[in-house]
Every structure is written in C-alpha cells, then in structure tokens.
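Each chain, letter by letter, is given below.
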Amino acid sequence: MLLLRIVVAMGGLTFLVTGIGIFFSDRCRSVTWGSRGGNRVGNFTATCWDAIAEGGMSQGAAGLISVTAGFLILVMVVFPTFRSLGRRRRPADG
C-alpha cells in the first residue's frame, strides 16, 4: 500500500510541476491536453502553443487546473496518514 501511495504522490507532484511550468512559461499562450503512447502504456500531456490553438485553453486556466489537480491528489494521499496519526495521539476515553 505504501508503494501505491508513493507512485500516486509522484503523479500529483508531476501535475504540480506541470502547472507551475505552464504559469511561468513565456511561450505558452494556449494549452491543449491529450495523451500519447500505445494502448498499454501512455502518458497525459499538456502542450503549450505560441498562438491561440483551436480546442485549447488559456495559460491561466490550464495552469490552475493542473496545480489544483496535483494538490488534490497529494491531499488524498497524505490525508489518511495524518488522520491515523491523530487517532494514535488521542488519550483513551474511559
């Protein structure tokens, strides 16, 4: 279970890094989302364009979506750990 949490946390971190990269890119006027790769293995990508791309979204919206998704993924990974720590520290009732 720990290995799965680590892998999911790494995915969340990649969303955060991608979002931050989109926000601070000078060449990113619009962003298109998509996947590439084969049927078994692929990756989800954000492609920045210098011009307004058809079907793309603005730099700010794409960055915000990516950062928010990464943050939510990390919260979902870390929250159970903090919750279990809180239960251990409470004094026994009775």
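Summarised in this report is the structure supplied together with it.

Reading the values: the criteria
Residues numbered from 1 in each chain as written. Predicted model: local features only at pLDDT ≥ 70, side-chain atom pairs only at ≥ 80, totals over all residues. Heavy atoms only, no water. Helix = DSSP H or I, 4+ residues; strand = E, 2+ residues; numbered from the N terminus. Expected span 1.5 Å × (residues − 1). Buried < 20%, exposed > 50% of the residue type's maximum accessible area, 1.4 Å probe, protein only. Arc of directions from axis to C-beta. Polar contact = N/O pair within 3.5 Å; in protein donor to acceptor, adjacent residues only side chain to side chain. Contact = heavy atoms within 4.5 Å.

**Quick word on helix α1 (residues 2-23)**
Here's step 1: Helix length check: α1, at 22 residues, gives a terminal C-alpha distance of 32 Å against a target of 32 Å (1.5 Å per residue), a fit within 8%.
Here's step 2: Of all the positions in α1, only A9, G12, L16, G19 and I22 are classed as buried. When α1 is viewed along its axis, its buried side chains cluster within an angular range of 145° and face the same direction. Counted as exposed and oriented over 90 degrees from the buried face of α1: L3, M10 and V17.

**Focus: the side chain of S30**
Here's step 1: With respect to the helices, strands and loops of the structure, S30 is situated in strand β1 (residues 30-37).
Here's step 2: There is a polar contact of 2.9 Å between the side chain of S30 and the backbone oxygen of A51.
Here's step 3: Within the structure, S30 has its side chain in polar contact with the backbone nitrogen of A53 (distance 2.9 Å).
Here's step 4: Discounting chain neighbours no more than four positions away, the residues touching S30 are T47, C48, W49, A51, I52, A53 and M57.

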